[in-house]
Amino acid sequence: MTVMGNLRAVCACFLVGFGAAAPVAGQEASSSSVVATALAPEAARLRTELERSMAGWDPKRRTEVLDFYSARDSSPFWGGAAPERGAALLAALNRAGAHGLPPSRYAPGALAAALAAGASDPASVAAAELAATVAYLAYARDLTSGLLTPSEVDPEIDVRPRRPEPARLLERLQAEPLERALTGLEPTSPEYRALMAEKARLEAAATADWGPEAPAGPTLRLGDSGVRVAALRARLAARGHVAAGADSGADPAAFDEGLKAALAAFQAEMGLEPDGLAGSRSLAALNAGPEARLKAVIVNLERLRWMNGALEGRYLYANIPDYTVKLVEDGATTFVSRTIVGKAELTRTPEFSDVITYMVVNPTWHIPDSIAQRVYLPKLAADPTTLATSNMRIFTRAGTEIDPGLVDFTQFSSGNFPFRIKQNPSEANALGRVKFMFPNQFSIYLHDTPTRGLFAKAERAFSNGCIRVEEPIELAHRLLADQFEDPQAAFDAWLAAKAEKSVTLSRSIPVHIVYRTVFLDDAGRVQHRVDVYGRDAKVFEALAAAGVTFSAAQG
């Protein structure tokens, strides 16, 4: 295929990425030349070729690109008198791997050949200019808002990136120096830079020897000794957790206090219980190779791009794999609480953003149909009085309360259960004393719980999908601080009334439910968490299908 043919194919590929139709072979621009005749002959020829090459494009995209060149009197941008611009673009595309993006997607080789051949005639110049412009738009879109469409990877990832308008991206090229325009595309957060550094560290580790894995076996603990302890110590050191006293003649085969502290630090970094006990889960995390961690970092760089620009001002941030929710105000974390999230098997908590507009004190639990049918129908079939012991009532769909003792529940199945179940407000109510509402398609919200013991566990995927908060009363006080001089007294009064009460917030607050398995904590340390729902694996599979490979990822 000729250079021109290659460039048409490259453009067609790129155009899918930013919403333009591929050029239609043989179709000409409907009008060229009122603009072209007002230009210098060379510029007029380039304008004509640009219009011809873009015949069949989506009209909006075609106009945006033509306007960009019109603002330059139809002179080349990437080549011509400024070949350094094309060179800078090529350098940026070739560095895409540092971000976990696939350089091959932007075809820098074909683009380099086109730019080199672009000075020969107007058609070649136009082809090179369009290829470079579209490559820039595709790269800029991916770097600012992510390569993937999240909901296409998994419908439980209902994240909606803020896609930049091509016209705005083209304006950047005119408004600031090209180097700044290219380097300022990625998220500017310290977390993004920290994950890029973690990626580089893991890439280096992938070629290093981490030594033999720590052998499986019974849990190792303080006071143990032997070859398994020595292997544990060596593996921890290779992962960057050197036990105190390791260079002072201590017995490497002895499980001493220094080794316990090093293991606990590693466990904390991984979101495991930092108990200093080398059980099966800790050993599995310790023995995982750098490639598994590298995949997670690449996925989480993509997730940061999805959220680019969304985390501003005052918001709640619930990280599913970290089992926490925090209140962030102008970049500072002002409240943190442990959480319990949905079970991995049946009721995974989805990812999405919404706005909390009100809270309900002493809430009634309106039991979702899925839970009523899965959990309570079998109980009712076995014992119709079971609801009374949990302070629950049952109603027809029309809202009429019925006596469950008068119904034969064995005749119903999950497909034809015609009732609704509610749990009255009480200390035993499954929603506890307060719930925080942001009506959404998933029927997910944050709430209290009477089951407090589960918060002591390191991994807390136990709920029916909603997010249980360990410190909901303090969160309520903070959200009410704008509208009550003494929010604690107001809340206590509502609570003491023991009646359900909805309280509209005078200042609604965005809430982001995210799935971040690699992130920067408030102390500036990179943290890794278990992929409890397997979503990272799905995202990396989609990235790989789009061209991300380890060789590409390593740049």
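Structure's up top.
Residues numbered from 1 in each chain as written. Predicted model: local features only at pLDDT ≥ 70, side-chain atom pairs only at ≥ 80, totals over all residues. Heavy atoms only, no water.

Draft legend 1. How the structure looks around the overall build of the chain. Looking only at helices and strands, the chain has 20 helices and 15 strands in total. Projected onto the principal axes, the alpha-carbon positions of the chain cover approximately 90 × 75 × 55 Å. Per-residue burial over the chain gives 49% buried out of 555 residues. Here the analysis covers contacts within the chain between residues at least 6 apart in sequence; of these, 69% occur between residues at least 24 apart. Accessible surface, the chain: about 24400 Å² in total, of which carbon and sulfur atoms supply 54%. Here the chain contributes 58 positively and 64 negatively charged side chains, and the mean placements of these two sets differ by 2 Å. (Helix = DSSP H or I, 4+ residues; strand = E, 2+ residues; numbered from the N terminus. Buried < 20%, exposed > 50% of the residue type's maximum accessible area, 1.4 Å probe, protein only. Contact = heavy atoms within 4.5 Å. Areas by Shrake-Rupley, 256 points an atom, 1.4 Å probe, with all protein chains shown as cover. Lys, Arg positive; Asp, Glu negative; His and termini not counted. Charge placed at Lys NZ, Arg CZ, Asp CG, Glu CD.)

Draft legend 2. Structural context of helix α5 (residues 83–94). Between its terminal C-alpha atoms α5 stretches 17 Å, which fits the 16 Å expected from twelve residues at 1.5 Å a residue. Buried within α5 are the following residues: Gly86, Ala88, Leu89, Leu90, Ala92 and Leu93. Buried-residue contacts for α5 involve α6 (108–117), α7 (122–145) and α10 (178–183). (Expected span 1.5 Å × (residues − 1).)

Draft legend 3. Highlighting the sheet that holds strand β6 (residues 392–396). Strand order in this open sheet of four strands is β5-β8-β6-β7, and the pairing throughout is antiparallel. Among the strands making up the open sheet, the edge pair consists of β5 (365–366) and β7 (401–402). In this sheet, strand β8 (residues 419–423) lies alongside β6 in antiparallel orientation, the contact comprising five bridges. By the bridge assignment for β8, Thr396 is matched with Phe419. Docked against the sheet, helix α16 (residues 369–382) engages β5, β6 and β8, running at close to 90° with respect to β8. (Pairing = 2+ DSSP bridges. Axes fitted to C-alpha atoms, helices over the stretch in contact; angles between N-to-C directions.)

Draft legend 4. Fine view of unusual backbone geometry. With phi around 55°, Tyr323 is a residue other than glycine that occupies positive phi space. Examined against the element boundaries, Tyr323 turns out to sit in the loop between β1 (314–319) and β2 (324–329). The class of Tyr323 is buried, set by a relative accessible area of 5%. Positive phi is not limited to glycine here, since Ser443 has a value of about 55°. Relative to the helices and strands, Ser443 resides in the loop between β9 (434–437) and β10 (446–447).

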